[in-house]
Amino acid sequence: MKRIRHIVTSILLLACMGVGATGRAQQITDNAIFYHSIRSPWSNSFNPALFPENAGWYSTLTKTSVQLSLPFSYNDLGLHYDPARDVTVFNVNHLLDYLCENGCRFDHNTDVNIWGIGGNIGERLYVTGSLGTRVYNSFNIPIGLLDILTEGNAGGDHHLDFGAAELFNTQIYGYLSLGAAFKLPTIPLTIGARVNVLDGIVAASIDNLKADLYTTEDIGTMRLTTDYLVHCAGIPKIDFKNLDDIDISFDGITSALMKNMGFTFDIGAKMDGEVVDLSLSIVDLNRGINWTQNPITIVPKNPEASVSFSGIDLSTLLTNGVLDTSFLSNLKDSLMAMIDYTIEETSYHYSLPTKLYVGASVSLGNLLRAGYLFQGQWVNGWFNNHHTGVNHFCCNNTLSAHLNLFNWLELSVANSFTYDGNKTTWLNPGCALTLSPGRRFQLYAAIEYLSAMRLTEVKAAHVMFGINLVSLRD
């Protein structure tokens, strides 16, 4: 027991050190409200060593989970009504200042679990499986670009590093998961493992996009340099002849199956204590999906190319009353040379986020449970196949309570407190209701995470709903 406590403490300390090393950490918009659930089989999705209390077997059907995160709320737009002019005023500078302070990242995730099963074999062995599809989208506007919009280019050089923050990424893939857990006979410890087989459908990303704007002290000359890395693969087949002639065709859905394969692994453990139960898991240890169908990697043909601009002399643009377009033509040629690209049609790996869960709970039989959960996430995975910048680590802490009435109804409430590298947010509530008519058929719905109690202040939300069948052991 002492050794388990030491391990958990060490992991927490290392996780906190990881947060400090990244500077601005991204907030996790997820309470994992079912992690400490008494009756829901979805605890197993966070930790392969967890299984519903007193369940003999379960089957999950059509779970839908939608997660959305915006960089600002309605209130942050700063809209106000001007009665003198009878108009609503939008202050652009107010919004830009807010984004410069808090960052500008959009995230969207949808997970549709089509079918899942689980059951025990004997008293100590549990097996599980699930099948579904996921959609992941993210878009990030770098702070450096916002600084230029609000402050201009005066006062020195500007470096816009998109690489570590990931400008754009979208992935759609299917998954098949198979897992098992075993309860040790000598000590109250359950260990579990799971393999997730991934089949990629569509991927597109802009990574390592950088721009440097150099301005002389007298603001007489500017010089712009860029670097970029673009990936795309999957069903869309893109033929880049030139920037003005791009053909897009599509392979059939069936031709995409089993072409972009990948594997991730989950490991977990649960220690049943006399008073406190402890649990630990690492989810999606992976090198990522190997995208081999219509893969394209686009990089600059000349990474050292740059464009200098010293202004426009209007007196030289007119010759005998005729507009001289040679200057604009030369500037266009320089810009096109700077962004000219080379295409490589080779396969590549793209990793998924790796997640860490450390939990502790206290239970009053099967009636009431209170839990604490530390969630951590390496945004670009442990192996970081696609980024050259910092692999951000983000985290949050969640307290939850679960009330189970006669195995017919379970009510769960949770709240996360987070630190995003700039400020601490103490109120990110969530709630879930699981109805079990006849104690076997389950209907559940959850507003799993809200970033605020008032709708006009909400920047992030996570909702889910679905159906389960859970058979209780006698």
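Note that the structure is predicted; figures quoted are calculated from it, not measured.

A few words on the packing of aromatic side chains. Following the criterion strictly, the structure yields 10 aromatic pairs and no others. Taking 5.5 Å as the distance between ring centres and 50° as the angle between the ring planes, the aromatic pair formed by F51 and Y58 counts as tilted. Take F51 and Y58: they sit in the same class, and that class is buried. Between W378 and F393 the ring centres are 4.7 Å apart and the planes differ by 65°, which places this aromatic pair in the edge-to-face class. With W378 in strand β21 (residues 368–378) and F393 in strand β22 (residues 393–405), the pair connects residues that are 15 residues apart, well separated along the chain.

Attention now goes to the environment of Y173. By the element assignment, Y173 lies in strand β7 (residues 168–183). For the pair Y173 and V202, spaced 29 residues apart in sequence, the C-alpha to C-alpha distance is 7.0 Å. Leaving out residues up to four positions away in the same chain, Y173 has contacts with T133, R134, L198, D199, G200, I201, I289 and L352.

Note that β21 and β22 share 11 bridges and pair antiparallel. Bridge pairing in β22 links G371 to S400. Bridging between β22 and strand β23 (residues 409–419) involves 10 bridges; their strand directions are antiparallel. Directly across from T398, in β23, lies its bridge partner S416. Joining the antiparallel neighbours β22 and β23 is a turn of 3 residues, in which F406 adopts a positive phi near 55°.

Secondary-structure assignment places S436 in the loop between β25 (429–435) and β26 (441–450). S436 has contacts with R39, N407, W408, F441 and Q442, leaving out every residue within four places of it along the chain.

Within helix α2 (residues 92–102), burial applies to L95, L96, Y98, L99, C100 and N102. Backbone geometry just downstream of α2 places G103 in the positive-phi region, at approximately 90°.

Let us look at the pattern of salt bridges. A full pass over the atoms with the stated rule returns 4 salt bridges. The residue R105 makes a salt bridge to D107 at a minimum N-O spacing of 2.8 Å. For the pair R105 and D107, a shared accessibility class is recorded, and that class is buried. Linking D111 and R134 is a salt bridge whose minimum nitrogen-to-oxygen distance equals 3.1 Å. Here the residue D111 occupies a position in strand β4 (residues 104–121), and R134 occupies one in strand β5 (residues 125–141), the gap between them amounting to 23 residues. Of the residues examined, R134 reaches a relative accessible area of 27% and is grouped as partly exposed.

Conventions we followed
- Residue positions within a chain follow its written sequence, with the count starting from 1.
- This being a predicted model, a pLDDT of at least 70 is required before a residue's local features are given, and a value of 80 or more before pairs of side-chain atoms are given or counted; all residues contribute to the totals for chains, interfaces and linings.
- For the side-chain quantities, the full set of heavy atoms in the structure was used; hydrogens and water were omitted.
- Stacked, tilted and edge-to-face are the three classes applied to pairs of Phe, Tyr and Trp rings, where Trp contributes its six-membered ring and a pair requires centres within 6.5 Å; stacked means planes under 30 degrees apart, edge-to-face means over 60, and tilted covers the rest.
- Burial classes follow relative accessibility: with a 1.4 Å probe on protein chains only, a residue under 20% of its type's maximum area counts as buried, one over 50% as exposed, and anything between as partly exposed.
- Secondary structure elements follow DSSP: runs of H or I no shorter than four residues count as helices, runs of E no shorter than two count as strands, and numbering proceeds from the N terminus.
- Should any heavy atoms of two residues lie within 4.5 Å, those residues are counted as being in contact.
- We call two strands paired when DSSP finds no fewer than two bridges between them.
- When a carboxyl oxygen of Asp or Glu is within 4 Å of a side-chain nitrogen of Lys or Arg, the pair counts as a salt bridge.

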